[in-house]
Amino acid sequence: MTTASIGRPLPRVDGRLKVTGAATYAAEADVPGLAYAVQVVSTIAHGRIAALDASEAEAAPGVLAVLTHLNAPTLPYLEHWSLIDPAVGERLHVLQDDRVRFNGQPVVVVVAETVEQAEHAATLVRVSYAEEPADLDLPARLDQAITPEAGLPAGSSHLADYQRGDPDGALAAADARVDHEYWIARENHNPMEPHATVARWDGERLTLWDKNQWVTNARDEIAAVFGMPADNVQVISPFIGGAFGTTLRTWPHVTLAALAARQVGRPVKLVLSRRQMFAGTGCRAETWQRVALGATRDGRLTSIVHEATAETSTYEQHTESTLSATRFLHASPNVRTGYRLVPLHVHTPNHMRAPGEASGVFALECALDELAHEIGLDPVELRLRNEPEQDDEWGLPFSSRSTRECYRVGAERFGWSARHPRPRSMRDGHWLIGWGMATATYPTLRAPASARARLLADGSAVVEAAASDMGPGTYTSLTQVASEALGLPPERVRVVIGDSRLPTTPVHGGSMTMASVGSAVQAACLEARARLLEFTAEPNESYQRILARAGVDAIEAEATSGPGDQGARFSMHAFGAVFAEVAVDANLGQTRVRRLVGAYGAGRIVNPTLARSQAIGGMVGGIGMALMEHTVIDRQNGHVLSANLAEYLVPVNADIQQLDAIFVEETDPHVNPLGVKGLGEISLVGVAPAIANAVFHATGQRIRTLPITPDMLLPTAWSTT
Ligand code: MOS
């Protein structure tokens with residue numbers, strides 16, 4: 001009765017539902033009697049609402065209510081904090097006062113019979129503002145950066161200033177030195193599916209169909225906002241059309257949908273426009289960085305100084321692990337990191353696609369490439385010479401670390417040994433060809449999770465956990481874990497997730513779902529199986545027969561699984577190496593990524609097909625970060641100028657050529673019972689620096705600003721090396 005399910009390339013169990021349109025997303029919730037809500041948002045970045053006239057909107061056809069700060073009920077907004085909320089500050093309290101904190105802040109919600117009527121009426125609301133000076137310019141405000149306040153949750157030491165040895169002294173004394181500044185543009189998540197909430201009240205009970213990566217947190221937060229017991233709120237989110245972090249937090253529109261529904265006494269649907277998703281549902285923070293490296297002549301790092309300053313809002317301090325990897329990724333006796341924030345009149349940034357690591361590793365790995373060039377050493381060889389024996393920040397061994405193997409197999413697959421070190425040494429007609437590489441890493445996180453397994457009379461099983469699946473294939477991989485633990489074929493297992501009434505799970509983010517929920521599912525299944533076997537002395541009997549003979553309908557087990565003390569004994573991360581080939585048009589400056597090879601040591605691979613899908617998805621995100629994605633804001637008024645997919649560019653099929661993901665063999669007995677490290681985010685880390693380094697190799701032009709756009713590479717901008 002054993003089925004080796006883990007490790008098999010099982011097709012997505014929900015694939016048919018998705019391609020046939022049978023999978024229902026938040027905005028598609030089939031709730032009778034719906035009314036439609038549309039937000040009106042602020043057009044200034046800072047100030048207050050001076051006057052508001054909703055009379056014309058209220059008189060428009062089909063309008064049921066126009067909610068503003070003047071007539072909205074006061075909401076309790078009881079204290080609520082979760083791991084994905086900033087440690088310092090307070091979430092936006094929507095429609096509770098006349099203050100405007102950012103351009104795009106919801107200031108009015110219009111509810112009508114149809115979405116068209118609501119949209120029309122929204123255009124009739126007259127809002128005038130008393131504008132106050134707005135700080136919107138990170139480059140101009142770097143000198144006003146602040147140290148993030150204390151009060152950090154345990155384990156967030158990555159935010160504190162860090163130093164080991166004498167980094168500045170070692171830098172000054174180094175044989176070779178690079179010291180440069182790097183910029184990363186603000187980016188927005190831009191999943192295909194917009195944010196959407198359907199809210200329905202049944203007396204004191206509230207049901208929310210919501211696009212959300214953490215249904216139990218959304219339940220608790222909305223309960224706190226309305227001052228009601230969490231048991232009275234249910235959040236349902238069975239399918240998510242991509243999220244990349246934008247639905248980690250529960251944004252104000254969820255509150256507005258619930259408020260509107262209560263106000264009009266009907267279920268209400270609220271869907272954000274693409275433009276609204278650019279101002280108010282998080283973003284990757286615009287970030288300045290400085291990396292200074294010192295090394296011996298033979299390429300041993302003697303000093304690393306890494307500083308970062310990022311934008312945040314005036315009402316919350318969003319912080320990221322931008323500098324964490326710098327302290328352990330490469331060996332150096334002297335290291336200093338310092339993280340700063342500049343509060344601006346913008347909405348609070350949040351986590352997006354490998355938050356922190358994606359930004360910090362970009363600057364670090366570009367700097368390493370600059371150092372390699374400076375001392376005339378191959379970039380892979382430079383990294384090999386600085387491979388640490390342990391995590392030097394904590395003095396802990398790595399639970400597993402396959403960087404050497406990743407460099408080796410990645411370089412081999414890529415054909416790296418044929419690289420000529422001189423920039424501008426390869427051409428293909430009018431295309432300048434360049435090869436670059438970078439190291440990647442992302443922490444292996446895990447949080448306590450619960451799951452329930454039920455063995456049914458027909459011999460099949462149902463596995464339940466709150467969880468979510470934003471696209472990585474959680475339904476499928478959990479099916480495989482349950483299948484293996486129960487010894488049932490995968491088609492006999494049904495996974496039910498995306499509902500806050502199911503056993504509690506952590507946020508569907510930080511690449512920790514398999515480590516956390518997967519471990520809980522495994523534990524629940526093993527427990528259910530053990531209980532069943534109590535009914536029989538014959539281990540080869542089918543579940544169906546055991547249950548029938550025992551005269552029970554079902555066996556149920558719930559289990560909670562969480563990390564032990566391994567975090568105190570090991571430094572736990574996934575590692576990888578990314579190799580890129582770019583072609584830069586010598587006349588037009590356009591960059592094409594011809595090939596990416598990513599080699600990853602990410603622990604056990606539950607499903608090679610899904611793993612590859614995740615890896616190449618991450619690479620596509622990395623190409624976007626490197627070459628395209630840029631949220632442009634008007635520094636005068638905070639208006640997002642690129643708030644649509646025509647002006648905010650993301651890679652499309654025509655931008656993608658050869659993507660190759662390799663998972664090296666890695667057995668890690670320490671990280672979690674499944675031995676998985678998570679894949680969602682590491683596959684994006686390292687891509688942008690590998691591309692930037694390849695652009696340098698192609699052109700001789702070092703671009704330290706993302707995205708790298710054609711104007712930066714026009715022939716007139718070149719200096720020949
Ligand atoms: Mo991810 S940015 O933790 O959804």
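Residues numbered from 1 in each chain as written. Predicted model: local features only at pLDDT ≥ 70, side-chain atom pairs only at ≥ 80, totals over all residues. Heavy atoms only, no water.

Engineer: Outline the nonpolar core, listing residues and values.
Structural biologist: One recurring pattern in soluble globular proteins: nonpolar side chains tend to sit buried together. Counting 71 residues, the largest nonpolar core has Leu293, Phe362, Leu596 and Ile691 as the members making the most contacts within it. Counting residues per element, this core draws most heavily on helix H9 (residues 357-375), at 10 residues. Ala449, Ala453, Val481 and Val495 belong to the second largest nonpolar core, which has 39 residues in total. (Core = buried A, V, L, I, M, F, W, Y, C linked by side-chain atoms within 4.5 Å. Buried < 20%, exposed > 50% of the residue type's maximum accessible area, 1.4 Å probe, protein only. Helix = DSSP H or I, 4+ residues; strand = E, 2+ residues; numbered from the N terminus.)

Engineer: Lay out the sheet that holds strand E22 (residues 493-496) in plain terms, naming residues and giving numbers.
Structural biologist: Across the sheet, 4 strands lie side by side as E22-E21-E20-E23; this open sheet has mixed pairing. If you trace the sheet from one side to the other, it starts and ends with E22 and strand E23 (554-561), each paired once. The sheet shows a mean angle of 15° between the axes of neighbouring strands, taken without regard to direction. Both strand E20 (residues 449-456) and E23 contribute to a ladder of 8 bridges, which runs antiparallel. (Pairing = 2+ DSSP bridges. Axes fitted to C-alpha atoms, helices over the stretch in contact; angles between N-to-C directions.)

Engineer: Talk me through the sheet that holds strand E27 (residues 705-706); I want residue IDs and the actual numbers.
Structural biologist: In sheet architecture, strand pairing relies on hydrogen bonds along the backbone and comes in two forms, parallel and antiparallel. Pairing is mixed in the open sheet, where 6 strands are placed in the order E8-E17-E15-E14-E9-E27. On the outer flanks of this sheet lie strand E8 (162-164) and E27, each paired with one strand and no other. Pairing of strand E9 (residues 176-184) with E27, which is carried by 2 bridges, proceeds in the parallel orientation. Along E27, the bridge assignment pairs Trp183 with Thr705. Where H9 meets the sheet, it contacts E9, strand E14 (287-295), strand E15 (301-313) and E27, and its direction lies at approximately 145° from that of E9. (Contact = heavy atoms within 4.5 Å.)

Engineer: Pulling in residues and values, what's your account of the packing of helix H6 (residues 215-226) against helix H7 (residues 252-264)?
Structural biologist: With their axes 11 Å apart at the nearest point, H6 and H7 run at an angle of 55° to one another. One way to sum up the angle between H6 and H7 is to call them oblique. H6 and H7 meet at a crossing whose hand is right-handed. Packed against H6, whose contacting residues are Ile222, Val225 and Phe226, the element H7 presents Val254, Thr255, Ala258, Leu259 and Arg262 at the interface. (Parallel < 35°, antiparallel > 145°, perpendicular 65-115°, else oblique. Left-handed = near helix turned anticlockwise from the far one by under 90°.)

Engineer: Any details on the pattern of salt bridges? Residues and values, ideally.
Structural biologist: For the structure shown, the criterion picks out 48 salt bridges. Notably, a salt bridge pairs Arg704 with Glu370, separated by 2.8 Å at the nearest N-O pair. Of this pair, Arg704 sits in the loop between helix H17 (687-699) and E27 while Glu370 sits in helix H9, and the two are 334 residues apart along the sequence. For Glu370, a relative accessible area of 8% puts it in the buried group. When the shortest N-O distance is used, the salt bridge between Arg604 and Glu484 registers 3.6 Å. Taken together, the residues Arg604 in the loop between strand E25 (591-601) and helix H16 (608-627) and Glu484 in helix H12 (residues 474-486) connect sequence positions 120 residues apart. Arg604 sits in the partly exposed class, given a relative accessible area of 33%. Here Glu484 falls in the partly exposed class, since its relative accessible area comes to 26%. Overlapping salt bridges, with partners in common, bring together Asp85, Arg91, Glu221, Arg249 and Glu316 in one network. (Salt bridge = Lys/Arg side-chain N within 4 Å of Asp/Glu carboxyl O.)

Engineer: Give a detailed account of the domain arrangement of the protein chain, specifying residues and quantitative values.
Structural biologist: We note that the domain assignment places domain 1 (15-23 + 447-562), domain 2 (31-133 + 191-243 + 247-280) and domain 3 (143-186 + 284-444 + 569-718) within the protein chain. Here the C-alpha centroids of domain 1 and domain 2 sit 35 Å apart. Taken together, the contacts link 21 residues of domain 1 with 20 residues of domain 2. Summed over both sides, the interface of domain 1 with domain 2 buries roughly 1600 Å², with 56% coming from carbon and sulfur. (Domains from an automatic or database assignment. Buried area = accessible area lost by both parts, 1.4 Å probe.)

Engineer: Can you break down helix H3 (residues 115-122) residue by residue, with the values?
Structural biologist: Restricting attention to buried positions, one finds in H3 the residues Ala118, Ala121 and Ala122. Projected onto a plane normal to the axis of H3, the buried residues spread over an arc of 105° and lie on a single side. Each element contacted by the buried residues of H3 is listed here: strand E1 (35-41), helix H2 (55-59), strand E3 (63-68) and strand E6 (106-112). (Arc of directions from axis to C-beta.)

Engineer: So what about the layout of surface pockets? Which residues, and what values?
Structural biologist: Estimates place the volume of the second largest pocket at around 260 Å³. Along the walls of the second largest pocket sit 14 residues, with Leu17, Tyr475, Arg494, Val495 and Val496 positioned nearest its centre. At the level of elements, H12 and E22 are the ones that each hand at least two residues to the lining of the second largest pocket. The greatest single-element share of the lining of the second largest pocket, amounting to 4 residues, is contributed by E22. Within the lining of the second largest pocket, the residues separate by chemical class into 10 nonpolar, 1 polar and 3 charged. (1 Å grid on protein atoms, 1.4 Å probe; cavity = no way out; pocket = protein on both sides within 12 Å on 5 of 7 lines; lining within 4 Å. Points joined across faces, edges and corners; volume = space filled by probe spheres on them. Nonpolar A, V, L, I, M, F, W, Y, C, P; charged D, E, K, R; others polar.)

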